[in-house]
Amino acid sequence: MKFFVDTADLNDIKDLAATGLLDGVTTNPSLVAKSGHANFIELIKEIAAIVPGPVSAEVAATDYAPMLEEALFLAKIAKNIAVKVPLTPAGLKVCKHLSEQGTMVNVTLCFSAAQAILAAKAGATFVSPFVGRLDDIGENGMQLIADICQIFSSYPNFTTEVLVASVRHPQHVVQAALMGAHVATIPPNVIRQLFAHPLTDKGLAQFVADWKKSGQKIL
Ligand code: G3P
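One structure accompanies this document, and this report is about it.

Rules of the game
Residues numbered from 1 in each chain as written. Predicted model: local features only at pLDDT ≥ 70, side-chain atom pairs only at ≥ 80, totals over all residues. Heavy atoms only, no water. Near = heavy atom within 4 Å. Polar contact = N/O pair within 3.5 Å; in protein donor to acceptor, adjacent residues only side chain to side chain. 1 Å grid on protein atoms, 1.4 Å probe; cavity = no way out; pocket = protein on both sides within 12 Å on 5 of 7 lines; lining within 4 Å. Sits in = over half its atoms within 2 Å of the grid points. Axes fitted to C-alpha atoms, helices over the stretch in contact; angles between N-to-C directions. Helix = DSSP H or I, 4+ residues; strand = E, 2+ residues; numbered from the N terminus. Parallel < 35°, antiparallel > 145°, perpendicular 65-115°, else oblique. Left-handed = near helix turned anticlockwise from the far one by under 90°. Contact = heavy atoms within 4.5 Å. Nonpolar A, V, L, I, M, F, W, Y, C, P; charged D, E, K, R; others polar. Pairing = 2+ DSSP bridges. Core = buried A, V, L, I, M, F, W, Y, C linked by side-chain atoms within 4.5 Å. Buried < 20%, exposed > 50% of the residue type's maximum accessible area, 1.4 Å probe, protein only.

Before going further, it helps to spend a moment on the site of the ligand. Close to the ligand lie Asp6, Asn28, Lys84, Phe130, Arg133, Ala165, Ser166 and Arg168. Take serine 166: an N or O atom from its side chain is 2.6 Å from an oxygen atom of the ligand. Arginine 168 is positioned such that a nitrogen or oxygen atom in its side chain is 2.8 Å from an oxygen atom of the ligand. At a threshold of 2 Å from the grid points, most atoms of the ligand map onto the largest pocket.

Structure below.
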């Protein structure tokens, strides 16, 4: 299972890339605005140089022609750019065009299995179902992931990877892994939570204290 970090914050990206556990980055217009970075293109260039895996950069236009123009421009920023397009008729048309020319595409704002099927048919590299936002309105985000994984497994010609997005807590990640989702894009704080267990902290404190008592040294 691949881990992407869902942020446009360069410090978080550098910090998490140093763990060696990061396979890619996803950004969106809200995360870019939150980062406070004034130049989106420069920001994406920098991120793509830090993390060798796919870096999602999202289009801003909503109509087909300007969206395609933006998408072609974003794709040229670096070899590891995955152009992010919304799950709309225009977005899927751009997705088909880009995937046919070998550019990675992440289809975002997916909230139903029907939409995920359309993204796969359009040749998306990734489809991003938003689990947290479904949970927020009383639906079952992880059930959507289970449904999409099951559907895709019946069609070997669907090469689209299920990228679990809008992740809010470690259990979303664990459930996604149990379902066989290919990727989870995870906010930095949730990636850090994945490391944590109180018994790890307690056990380590005990080992450190007992080792001190033993008076020994490894080096
Ligand atoms: O990047 C897309 C998605 O992960 C956004 O998550 O927390 O804004 O619902 P959120």
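Orientation of helix α1 (residues 10-17) relative to helix α10 (residues 188-195), taken along the N-to-C sense of each, is 25°, at an axis distance of 11 Å. Judged by the inter-axis angle, α1 sits roughly parallel to α10. The crossing of α1 and α10 is left-handed. Residue-level contacts link Asp12, Asp15 and Leu16 of α1 to Pro188, Ile191 and Arg192 of α10. Classifying every residue of the contact of α1 with α10 by side-chain character gives 3 nonpolar, no polar and 3 charged.

With respect to topology, 8 strands assemble into a closed barrel ordered β1-β2-β3-β4-β5-β6-β7-β8, the strand pairing being parallel. Adjacent strand axes in the sheet meet at a mean angle of 30° when their direction is disregarded. The sheet contact formed by strand β6 (residues 126-129) and strand β7 (residues 161-164) spans 2 bridges and is parallel. From the neighbouring strand, valine 127 faces β7, where its bridge partner is valine 162. Seen against the sheet, helix α5 (residues 89-100) touches β4 (81-86) and β5 (104-110) and runs at an angle of roughly 155° to β4.

On to the side chain of threonine 27, then. Tracing the chain through its elements places threonine 27 in the loop between β2 (24-26) and α2 (29-35). Within the structure, threonine 27 has its side chain in polar contact with the backbone oxygen of serine 56 (distance 2.7 Å). Setting aside its immediate chain neighbours within four residues, threonine 27 contacts Thr7, Ala8, Val32, Ile44, Ile47, Ser56, Ala57, Glu58 and Lys84.

Judged by nonpolar contacts, the single largest core of 62 residues is most densely connected at Val83, Val85, Val107 and Val164. No other element matches helix α8 (residues 141-153), which puts 6 residues into this core. By size, the runner-up hydrophobic cluster in this structure holds 5 residues, among which are Phe4, Ala82, Phe126 and Leu163.

Position of aspartate 135 among the secondary structure elements: in helix α7 (residues 131-136). The spatial distance from the C-alpha of aspartate 135 to the C-alpha of leucine 92 is 25 Å, given a sequence separation of 43 residues. A distance of 2.8 Å separates the side chain of aspartate 135 from the backbone nitrogen of glycine 141, its partner in a polar contact.

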